[in-house]
Amino acid sequence: MKRFLLLAFIIFSIDAAAQQKEGRIVYERTMQLPVRNFTNLDPDVAKQIPKSRTDQYELLFANNQCLWQFLPRAEDEGGEQTFTGGGGGVVLRFAGGANEVSFCDFTKGTRVDQREIMDRSFVVTDSIKSVEWKMTEETKTILDHTCRKATTSRVMTRTQMSMENGEIKRTPIHDTAEVVAWFTTDIPVPIGPEYQGQLPGAILELDIANGQIVYKAQEIATQVNTKKIKAPKEGKKVTAEEFAAEREKLLAEMQENMRNGGGNFRIRMQ
């Protein structure tokens, strides 16, 4: 009996040691750009806008906390690209830059995001919202980790925009999108892109709206600087509801400026 208990303890210890509870994951996100959301767009401008955009993010995790942040690219030159034609143009500002981060504390069930709108910074505090997932038995291997498939759905709001008589018209359109996540319990921490605190393991691949947005883990490291995993503090402190109100106010200001001065569409891609 003692030998059996010793053997069981050794097996349990080996299995526990194989699980990674801290580290760093680098993700690549490919997003289809919503050229279709613009109506009355100059055809010359539409031809210039790429169909997709790829960026990298890193996820640091330890002590039941995590930090998600954008990895800037040198070629972005400030994160903006301008596409112009005879009838004006479009300025796309990509990914929010290095100043946008998201911190989660799974013990407290809280989330703190640092967000930017028109170069104004906000620190948004909210609770981690739970999502209903459907687990499947389907599996696949990602970066040598066995991952299990889980699905859910979410309502996505896209804004159709048009320029009429020098004024931007914004029309919200609601779509229900399927979300497919591949997660591994080898990393038994509820982390991943966009969906934190949801599944019993790290999400290594995420597909939103049948390829509209796709995240894929590129590398996994076991070492992490835990001092970097902390809540952001740079910006005006607001709740999620207050941030939504601030965003609408600033977008209204932008629309008023466009009405008075004309010029380009200025659209933020996150």
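Remember, predicted model here, so these are calculated numbers, not experimental data.

**Student:** Describe the nonpolar core, and please don't skip the residues or the numbers.
**Tutor:** Among the nonpolar cores identified, the biggest contains 35 residues, and Ile25, Ile191, Leu204 and Leu206 are the most heavily contacted of them. By size, the runner-up hydrophobic cluster in this structure holds 7 residues, among which are Ala62, Val101, Val224 and Ile229.

**Student:** Residue-level account of the packing of aromatic side chains, with values.
**Tutor:** What the rule picks out here adds up to 7 aromatic pairs. On the numbers, 5.4 Å between centres and 50° between planes, the contact of Tyr27 with Trp68 is tilted. Of this pair, Tyr27 sits in strand 1 (residues 23–32) while Trp68 sits in strand 4 (residues 65–71); the two residues are 41 residues apart in sequence, bridging distant segments of the chain. Taken as a pair, Tyr27 and Trp68 share a single burial class, namely buried. Ring centres 5.9 Å apart and planes at 70° place the aromatic pair Trp68 and Tyr215 in the edge-to-face group. Placement of Trp68 in strand 4 and of Tyr215 in strand 14 (residues 213–221) is noted, with a sequence separation of 147 residues between them.

**Student:** With reference to specific residues and values, describe the environment of Arg24.
**Tutor:** Residue placement: Arg24 occurs in strand 1. Residue classification places Arg24 among the partly exposed residues on the basis of a relative accessible area of 24%. Along the chain, Arg24 and Cys66 lie 42 residues apart, while their C-alpha atoms are 9.5 Å from each other. Every residue in contact with Arg24, bar those within four places of it in the chain, is listed here: Glu58, Leu59, Leu60, Phe61, Leu71, Glu219, Ile220, Ala221 and Gln223. A polar contact is formed between the side chain of Arg24 and the side chain of Glu58, at a distance of 2.6 Å.

**Student:** Before we move on, could you go through the environment of Val131 and cite the residues and values that matter?
**Tutor:** Within the fold, Val131 resides in the loop between strand 9 (120–127) and strand 10 (134–142). Considering only alpha carbons, one finds Val131 and Gln198, 67 residues apart in sequence, at a separation of 6.7 Å. Once residues within four sequence positions are removed from consideration, Val131 is found in contact with Thr152, Tyr195 and Gln198.

**Student:** Describe in detail the pairing of strand 14, supporting the description with residues and values.
**Tutor:** Where strand 1 and strand 14 come together, 8 bridges link them in antiparallel fashion. Across the sheet, residue Thr30 finds its bridge partner in strand 14, namely Val214. As defined by bridge partners, strand 13 (residues 202–208) adjoins strand 14 across 4 bridges and the pair is classed as antiparallel. Paired with Glu205 across the strands is Lys216, a residue of strand 14. Here strand 13 hands over to strand 14 after 4 residues, with Ala209 in that stretch at a positive phi of 60°.

About the cut-offs
- Residues numbered from 1 in each chain as written.
- Predicted model: local features only at pLDDT ≥ 70, side-chain atom pairs only at ≥ 80, totals over all residues.
- Heavy atoms only, no water.
- Core = buried A, V, L, I, M, F, W, Y, C linked by side-chain atoms within 4.5 Å.
- Buried < 20%, exposed > 50% of the residue type's maximum accessible area, 1.4 Å probe, protein only.
- Phe/Tyr/Trp six-rings, centres within 6.5 Å; stacked < 30°, edge-to-face > 60°.
- Helix = DSSP H or I, 4+ residues; strand = E, 2+ residues; numbered from the N terminus.
- Contact = heavy atoms within 4.5 Å.
- Polar contact = N/O pair within 3.5 Å; in protein donor to acceptor, adjacent residues only side chain to side chain.
- Pairing = 2+ DSSP bridges.

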